[in-house]
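Descriptive structure summary
Chain by chain, the residues:
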Amino acid sequence: MAESAACPAFQLGGARYDQGSFFGRLRHFIAIIDPSTLFVSEKHLKESIKLLDDYKHGSLPPGVSDLQLWEAQKIKQAIIHPDTGEKIFMPFRMSGYVPFGTPIVIGLLLPNQTVLSTIIWQWLNQSHNACVNYANRNATKPTPTSKFLQGYVGAVTSAVSIAVGLNVLIQKANKLSPATRMIIQRLVPFPAVASANICNVGLMRHNELSEGIDVMDHNGNVVGSSKIAARHAAFSAVQSQTVAAHPQRGVPSDLWPLTACGHQPVPPDVSD
């Protein structure tokens, strides 16, 4: 009841939470990645779409609250691509990024990895990222499939090359102690994934950067095409993916020495 009372007036295509405050933006993105939308039934999805269509055409049934409209819009935006109008495959929805990506992140952080296991996990990670980027692409303009294949190959190649190259360099660094070498090895996934994400976004969205994306007014009408908007969108995606990679791949590596320091064996040359 409290949430319903505090619910703002519904605005089709608008944001439910105040985008002028950090807390509002945080709640907005939490709603975008909310995994509960993965379990929405086909019937519930159709009801949500119909409710929004009724609102758009001014034929909304009596008794429908703003909260119901916001929830309907949340469900539609989580499942239906805004440009194609088609359902996004579940593992590649933004709401599925965390539950379907977590097993891959765990694989990237496994200790004592071989060259083969490093290649496999980096390949799986970039394959998942490429599919998410493609499924959530800006589809207002047709893009050749070859462009996405170039982005996929470029991202996988950069991630595998950096990860394998750093691991080989670390193993050959004889001056480093085994403990230091292990700590650095645990940091390898972050630069590999971050750089591959940059490559992935740049190549996968090359068509948008070269041709621009549609720009709309407050009423949702297309007013033109802008390369500046495309660059801003791509740069924001690179920033967010790079920052997002650190808590998953970097923080566990940063905390490992703190959790392990209490369990290190006493060197044999230290006496009481």
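The sections below set out a description of the structure shown in this document. (Residues numbered from 1 in each chain as written. Predicted model: local features only at pLDDT ≥ 70, side-chain atom pairs only at ≥ 80, totals over all residues. Heavy atoms only, no water.)

A look at the overall build of the protein chain
Under the convention used in this document: Strands are runs of DSSP state E lasting at least 2 residues, helices are runs of H or I lasting at least 4, and numbering of each runs from the N terminus. Each residue gets one of three labels from its accessible area relative to the maximum for its type: buried under 20%, exposed over 50%, partly exposed in between, using a 1.4 Å probe on protein chains only. The contact definition used throughout considers only heavy atoms, calling two residues in contact when any of these lie within 4.5 Å. Here, Shrake-Rupley sampling with a 1.4 Å probe gives the accessible areas, and only protein chains in the shown set may cover a residue.
The helix and strand inventory of the protein chain stands at 11 helices and two strands. When its helices and strands are written in sequence order, the protein chain yields α-α-α-α-α-α-α-α-α-α-β-β-α. Across the 272 residues in the protein chain, those meeting the buried criterion constitute 30%. For the protein chain, the share of sequence-separated contacts (at least 6 apart) that also reach a separation of at least 24 residues comes to 67%. Surface exposure of the protein chain reaches about 16,300 Å², of which carbon and sulfur atoms provide 65%.

Focus: the packing of helix 3 (residues 42–56) against helix 4 (residues 66–79)
Formally: Here an angle of 0 to 180 degrees is reported between the N-to-C directions of two axes, which are lines fitted to C-alpha atoms, with helices fitted over the stretch in contact. Relative orientations are named as follows: roughly parallel for angles under 35 degrees, roughly antiparallel for angles over 145 degrees, roughly perpendicular for angles from 65 to 115 degrees, and oblique for any other angle. Each crossing gets its hand from how the near helix is turned against the far one by less than a right angle, where anticlockwise is left-handed and clockwise is right-handed. Charged means Asp, Glu, Lys or Arg here, nonpolar means Ala, Val, Leu, Ile, Met, Phe, Trp, Tyr, Cys or Pro, and polar covers whatever is left, Gly included.
Packing of helix 3 against helix 4 leaves a shortest axis separation of 9 Å and a crossing angle of 120°. By the criterion of interaxial angle, the relationship of helix 3 to helix 4 is oblique. Like other packed secondary-structure pairs, helix 3 and helix 4 cross with a definite hand, here left-handed. In this structure, helix 3 uses His-44, Leu-45, Ser-48, Ile-49, Leu-51, Leu-52 and Tyr-55 to contact helix 4, whose residues at the interface are Gln-68, Leu-69, Ala-72, Gln-73, Ile-75, Lys-76 and Ile-79. A class-by-class count of the residues in the contact of helix 3 with helix 4 yields nine nonpolar, four polar and one charged.

Some details on the pattern of salt bridges
Spelled out, the test is: The salt bridge definition used is simple: a Lys or Arg side-chain nitrogen within 4 Å of an Asp or Glu carboxyl oxygen.
Under the definition given, this model contains four salt bridges. Across the pair Glu-71 and Arg-16 runs a salt bridge whose closest N-O atoms are separated by 3.1 Å. Taken together, the residues span a long stretch of sequence, with Glu-71 in helix 4 and Arg-16 in the loop between helix 1 (2–5) and helix 2 (22–32) at a distance of 55 residues. The closest approach of N and O atoms between Lys-87 and Glu-42, which form a salt bridge, is 2.9 Å. Of this pair, Lys-87 sits in the loop between helix 4 and helix 5 (97–108) while Glu-42 sits in helix 3; the two residues are 45 residues apart in sequence, bridging distant segments of the chain.

Remarks on the side chain of Arg-93
Put simply, the rule reads: When charges are counted, Lys and Arg contribute as positive and Asp and Glu as negative, whereas His and the chain ends are disregarded.
Locating Arg-93 in the fold gives a position in the loop between helix 4 and helix 5. No salt bridge is formed by the buried Arg-93; the nearest opposite charge belongs to Glu-42, separated by 7.3 Å. Once you skip the residues sitting within four places of it in the chain, Arg-93 turns out to touch Thr-37, Leu-38, Ala-78, Ile-79, Lys-87 and Ile-88.

A few points about the nonpolar core
Quick note on the threshold: The set of buried Ala, Val, Leu, Ile, Met, Phe, Trp, Tyr and Cys residues whose side-chain atoms join them within 4.5 Å is what this entry labels a nonpolar core.
Residues Cys-7, Phe-10, Leu-51, Leu-52, Leu-69, Trp-70 and Ala-72 constitute the largest nonpolar core, which totals seven residues. Secondary-structure elements contributing two or more residues to this core are helix 3 and helix 4. Element by element, the count of residues in this core is highest for helix 4, at three residues. By size, the runner-up hydrophobic cluster in this structure holds five residues, among which are Leu-45, Ile-75, Ala-78 and Ile-80.

Remarks on helix 3
How we decide: By this rule the span expected of a helix is its residue count minus one, scaled by 1.5 Å.
Counted at 1.5 Å a residue, the expected span for helix 3 with its 15 residues is 21 Å, and the 21 Å between its end C-alpha atoms agrees. Of the surrounding secondary structure, the elements contacted by the buried residues of helix 3 are helix 4. Backbone geometry just downstream of helix 3 places Gly-58 in the positive-phi region, at approximately 70°.

A short note on the environment of Asn-125
Looking at the secondary structure, you find Asn-125 in helix 6 (residues 115–135). Counting along the chain gives 34 residues from Asn-125 to Ala-159, while the straight-line C-alpha distance between them is 9.2 Å.

Some words on the packing of aromatic side chains
Two measures describe an aromatic ring pair: the distance that separates the ring centres and the angle between the ring planes. Our working rule: Aromatic rings from Phe, Tyr and Trp, taking only the six-membered ring of Trp, are treated as a pair when their centres fall within 6.5 Å; an angle between ring planes under 30 degrees marks them as stacked, one over 60 as edge-to-face, and anything in between as tilted.
Applying the stated criterion across every chain yields a total of three aromatic pairs. Note on Phe-10 and Tyr-55: the rings are 4.9 Å apart at their centroids and 85° apart in plane angle, and the pair reads as edge-to-face. Here Phe-10 is found in the loop between helix 1 and helix 2, whereas its partner Tyr-55 is found in helix 3, with 45 residues between them in sequence. Geometrically, the ring pair formed by Phe-89 and Phe-92 is edge-to-face, given 5.4 Å between the ring centres and 70° between the ring planes.

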